[in-house]
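Chain and residue survey
Now for the letters of each chain:
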Amino acid sequence: MKKISALLLLVLMIGVLAACGSTEPAAAPTEAPAVAEEAAPAEEAAPAEESGSKTYVFVPKGLGIPYFDTANKGAQEAAAELGVAVTYTGPATADATEQIQVLNALIAQGVDGLSISANDSDALVPTGKDAMESGIPVVSWDAAIAEGGRNAHINQADAEGIGVVQVEMVSDLIGGAGQIAILSATSTAPNQNEWIEYMKTELEKPEYADIELVTVVYGDDEDEKSYNEAIGLMRTYPDLKGIISPTTVGIAAAARAVQDQERVGEVFVTGLGTPNQMREYVKSGAAPAFALWNPADLGYLSIYALNAIATGQIEGKPGDTFEAGKLGSYTIAEDGSVLLGAPTVFNIDNIDDFDF
Amino acid sequence: MTSKQSLGDFFKRWEWLLVLLIFLVTIVNARLTPYFLDTRNLMRATSDFMELGLMMLPMVFIIITGNIDLSVASMMAMCASLMGWLHMQGTNIWVAMAAALLLGLLAGFLNGYLVARVKLPSLVVTLGTFAFYRGMAYALLGDQAARGYPESFTFLGQGSIGSIRFPFSAVLFIIFAVIFSLILYKLKFGRYLYVIGNNEEAGFYAGVNVVRTKLLIFMMSGFMSALAGIVLAARFGSTRPDIGTGLELAVITAVVLGGVSISGGSGTMIGAILALVLIGEMRFGMGLINIPGQGQNIVIGFLLILSILIPHVGRELTSGNVKVNKAMVGKTAVALIMIALFAIFFFWSRTLLIA
């Protein structure tokens, strides 16, 4: 009996071994050359400072998030233009611990550059330092790594640009004259308050003299509260022509309120939103235009910046200037950041080009 | 378990399969990428798993007694947050660290008291404290991060020893692994854990102080979670209340993969440590060939199911009275299908990479 049991066990073990053994080494011959091909030219290219054969890695906060997938499209576009390879990989969940594990594996492979949207600006500093000490340039985008842990950061937008574009949009929509209101997030939200200040400054300009900002209300970034506040605005101000909502929750709720109240064409909603969430309202005319930075451009610019540093065109110091393909020329600011530029306006003409 | 202790039985142990798998994974990894067998890289990867390892040691004790502690990652976050908060109030970092360890003991005591004294099921108790302790972490720090730790402190997580850069956190882990192994194998306390896991009532009548034993293991868990939190804070150079979210499941996975029975009564410390090494090697190896996180989770998940299935089928096959019946064939088929799926997944993920 003992013999039989030992034999059976042996068979089982061999079965397991064969399963692991046959798949892994069997895959190896196809895999190994691929790795070798990628690695070898990269090593050769390093001293030559060619951009042609570099491999960069584009790391989002987490995989499977449409916003980051869109950013990757831009990164791949830049890669094709530059003739470099850009790999898209990251943690399964948007979590710093896992992101660091991913980054460590990438540093270990000796990739040529890292472009990262950080889950935790401080926690990634030691990892970023480690990468830079190993000769791997680091650029952060979307969410910054704190200074000291990266060569440069690509900033999606500045507060003034965001304020200005929203006033321009509302002015276009209401024909340059009439009452408007702002539906914000919470009354203490620092981003929104800063943007609203810039909007007010912009509205003081003579070309907006006929526009009257009647009130600012707060929907607390809750869908139902924002919806009710929007209905309240339309009841209180029957002549209201425009609502600016500088928050993704508020803008969708306000557009829905305008639709439900059958005021499409009389009251126009604009502000900051995402294409997938606003598509319906752009098409119905409740919110014909809204703005946000284009994540694809953000990814595109980050790869150009990374390539400029990795190939030694620039050092990544404040004041350095580099070319970024279709986006033009950029300069690194005093704090090591690069500003993407004015937000992108989404409307009926371009909304179907975006999926995030 | 059979009474006869033959050579066959010795090699039948789950630990040997783990050793074999580690060996295999090492060879495959080394063949697949030239970066795997690089001391610096291996050391860097090691430090990624040390917090998990520190929390795993007391978890082995808890699961051997047939209990579970789901609150480890939450305790870790709470204790690290307290330390960060105290540090930001101007408290000396070492005092803050001591306070964090004390809070860990206290949090573990609360778990242990409810489980051992009030006799509530540990799954429910720690599911409750899992939410409660995480909430406390947010209450302490809100959505901000504690930062600015002195360099003498961040050495705990970032420091390394010698020219091969052996991480300091790994030294810490080895010290505690030895201590916990000695407790399990050399002290009566360790024997009691198995007794409680096999038959708590019988243990009680045999004179085992069940309440005190359980209380102690949950306190150990709290203490080690606090220590893990301190190491993690030191490695990150900052503390956020959301650190280590979901880590409790990774800890339990390592313990179960190590052959510790989830229903209690059996399992070894060396098995759990081997499983930790295996998971670490596999994750690092898969990371090196750029298999994304979700893919890694699929592989680890399959491995976990196989780790319960194979010994189960193996035991039945070797139990002496092999009868070919439907249930037996079914189980073997399931095992084989799992292995096949595992293989297919590997092929599939590799082809993706090449493309």
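Residues numbered from 1 in each chain as written. Chains lettered and ligands numbered in written order. Predicted model: local features only at pLDDT ≥ 70, side-chain atom pairs only at ≥ 80, totals over all residues. Heavy atoms only, no water.

Residue and element names in this part refer to chain B. Orientation of helix α8 (residues 151–158) relative to helix α12 (residues 210–236), taken along the N-to-C sense of each, is 105°, at an axis distance of 6 Å. Classified by the angle between their axes, α8 and α12 sit roughly perpendicular to one another. Of the residues in α12, those touching α8 at F153, T154, L156, G157 and Q158 are I230, V231, A233, A234, R235 and F236. By residue class, the composition of the contact of α8 with α12 is seven nonpolar, three polar and one charged. (Axes fitted to C-alpha atoms, helices over the stretch in contact; angles between N-to-C directions. Helix = DSSP H or I, 4+ residues; strand = E, 2+ residues; numbered from the N terminus. Parallel < 35°, antiparallel > 145°, perpendicular 65-115°, else oblique. Contact = heavy atoms within 4.5 Å. Nonpolar A, V, L, I, M, F, W, Y, C, P; charged D, E, K, R; others polar.)

Here we come to unusual backbone geometry. You will see that D220(A), though not glycine, has its phi angle at about 55°, which is positive. Considering the arrangement of structural elements, one finds D220(A) in the loop between β7 (211–218) and α7 (223–236). The residue K119(B) is not glycine, and still its phi comes out positive at about 60°. For K119(B), the location among the structural elements is in the loop between α6 (93–117) and α7 (122–141).

This brings us to the sheet that holds strand β3 (residues 113–116) of chain A. All names here are of chain A. Taking strand neighbours across the sheet as the criterion, the six strands line up as β2-β1-β3-β4-β5-β13 in an open arrangement whose pairing is parallel. Every other strand in the sheet has two partners, leaving β2 (85–88) and β13 (337–339) as the edge strands with one partner each. Averaged over all pairs of adjacent strands, the angle between strand axes in this sheet comes to 20°, irrespective of strand direction. Inspection of the sheet shows strand β5 (residues 152–155) paired to β13 by three bridges, in the parallel sense. Of the residues in β13, the one forming a bridge with H153 is S337. (Pairing = 2+ DSSP bridges.)

The subject of this paragraph is the pattern of salt bridges. Throughout the structure, instances matching the rule amount to 17 salt bridges over all chains. Salt-bridge contacts for R240(B) lead to D122(A); the nearest nitrogen and oxygen are separated by 3.6 Å. Taken together, the positions of R240(B) in the loop between β4 (238–239) and α13 (247–257) and D122(A) in the loop between β3 and α4 (124–133) put the pair across two chains. Of the two residues, R240(B) and D122(A), both sit in the buried class. Between D223(A) and R256(A) there is a salt bridge; the shortest N-O distance is 3.0 Å. Of this pair, D223(A) sits in helix α7 while R256(A) sits in helix α8 (residues 248–260), placing them 33 residues apart in sequence. Given the relative accessible area of 37%, D223(A) is considered partly exposed. Look at R256(A) and you get partly exposed, because its relative accessible area is 26%. (Salt bridge = Lys/Arg side-chain N within 4 Å of Asp/Glu carboxyl O. Buried < 20%, exposed > 50% of the residue type's maximum accessible area, 1.4 Å probe, protein only.)

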